[in-house]
Amino acid sequence: MPLRFRNIEATPDDPVSAWGFEGMLAAIDRGYAHDWRKLVDAVATDPELRPVFDEAAEAAESRSTVGLLESALARATATPAELALERLREAYRGTRMTQARLARELGTSRPRLNSYLAGRVTPSMDVLVAVEQIADRYRAPSEALNLVLV
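These lines cover the structure that appears in this document, whether it is placed above or below. (Residues numbered from 1 in each chain as written. Predicted model: local features only at pLDDT ≥ 70, side-chain atom pairs only at ≥ 80, totals over all residues. Heavy atoms only, no water.)

Section: the overall build of the protein chain
Helices and strands together make up the secondary structure of the protein chain, namely 8 helices and 0 strands. When the helices and strands of the protein chain are placed in sequence order, the string is α-α-α-α-α-α-α-α. In terms of overall size, the protein chain is more extended than a compact globule, its C-alpha atoms giving a radius of gyration of 21 Å where 150 residues would be expected to give roughly 15 Å. Judged by the C-alpha coordinates and their principal axes, the protein chain covers about 60 × 45 × 25 Å. Evaluated residue by residue, the protein chain yields a buried proportion of 31% over its 150 residues. Sequence-distant contacts, at least 24 apart, represent 58% of the contacts inside the protein chain between residues at least 6 apart. Accessible surface, the protein chain: about 9,700 Å² in total, of which carbon and sulfur atoms supply 53%. Of the charged side chains in the protein chain, 19 are positive and 22 negative, and the gap between their average positions amounts to 12 Å. (Helix = DSSP H or I, 4+ residues; strand = E, 2+ residues; numbered from the N terminus. Rg over C-alpha atoms; globule rule 2.2 N^0.38 Å. Buried < 20%, exposed > 50% of the residue type's maximum accessible area, 1.4 Å probe, protein only. Contact = heavy atoms within 4.5 Å. Areas by Shrake-Rupley, 256 points an atom, 1.4 Å probe, with all protein chains shown as cover. Lys, Arg positive; Asp, Glu negative; His and termini not counted. Charge placed at Lys NZ, Arg CZ, Asp CG, Glu CD.)

What follows is the structure, given as structure tokens:
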């Protein structure tokens with residue numbers, strides 16, 4: 001069943017800017033993935049909608065949906081540097097290695113690797129790709145890319 005608004009003039013087909021608090025709250029609590037995507041996209045591109053979204057998120061019953069939407073919003077508004085840092089951290093976790101061991105494999109020092117993971121120093125793209133390749137080699141089979149079960 002598609003999302004419906006009650007007691008407001010706007011419809012889910014209207015721009016999110018017309019939804020107001022009640023529409024956003026309904027979308028959070030009773031909406032579906034396409035409603036959430038529309039909400040996240042609108043809030044990410046129009047900062048004036050953020051306070052209304054925050055108020056609706058605070059009032060929402062579905063804490064898990066709020067968490068999902070806040071995560072999607074953070075990703076949608078992240079800078080390229082923030083996205084690259086998150087990829088590096090995810091890849092590092094995927095290696096299941098200590099910083100010292102991974103640093104040895106990369107041919108760098110543990111303090112230097114730590115400065116990359118802490119976001120104090122931005123590594124070259126080569127470092128990011130190398131860590132992702134190492135992580136791909138060490139991932140558990142269920143996390144491997146392009147896994148085909150027969």
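Comments concerning helix α3 (residues 50–59)
The complete set of buried residues in α3 reads F53, A56 and A57. Across the axial projection of α3, the buried residues extend over an arc of 100°, all falling on one side. The exposed set on the far side of α3, more than 90 degrees from its buried face, consists of P51 and E58. In this structure, the buried residues of α3 make contact with α1 (20–30), α2 (33–45) and α4 (63–77). (Arc of directions from axis to C-beta.)

Describing the nonpolar core
Within the largest apolar cluster, 23 residues are counted, with the highest numbers of intra-cluster contacts made by V16, W19, M24, I28, L39, F53 and L69. Sorting the residues of this core by element identifies α1, α2, α3 and α4 as the ones contributing at least two each. In terms of nonpolar packing, the next biggest core, distinct from the first, is built from 14 residues, L88, Y92, I134 and A135 among them. (Core = buried A, V, L, I, M, F, W, Y, C linked by side-chain atoms within 4.5 Å.)

Any link to function would need more than the numbers given here.
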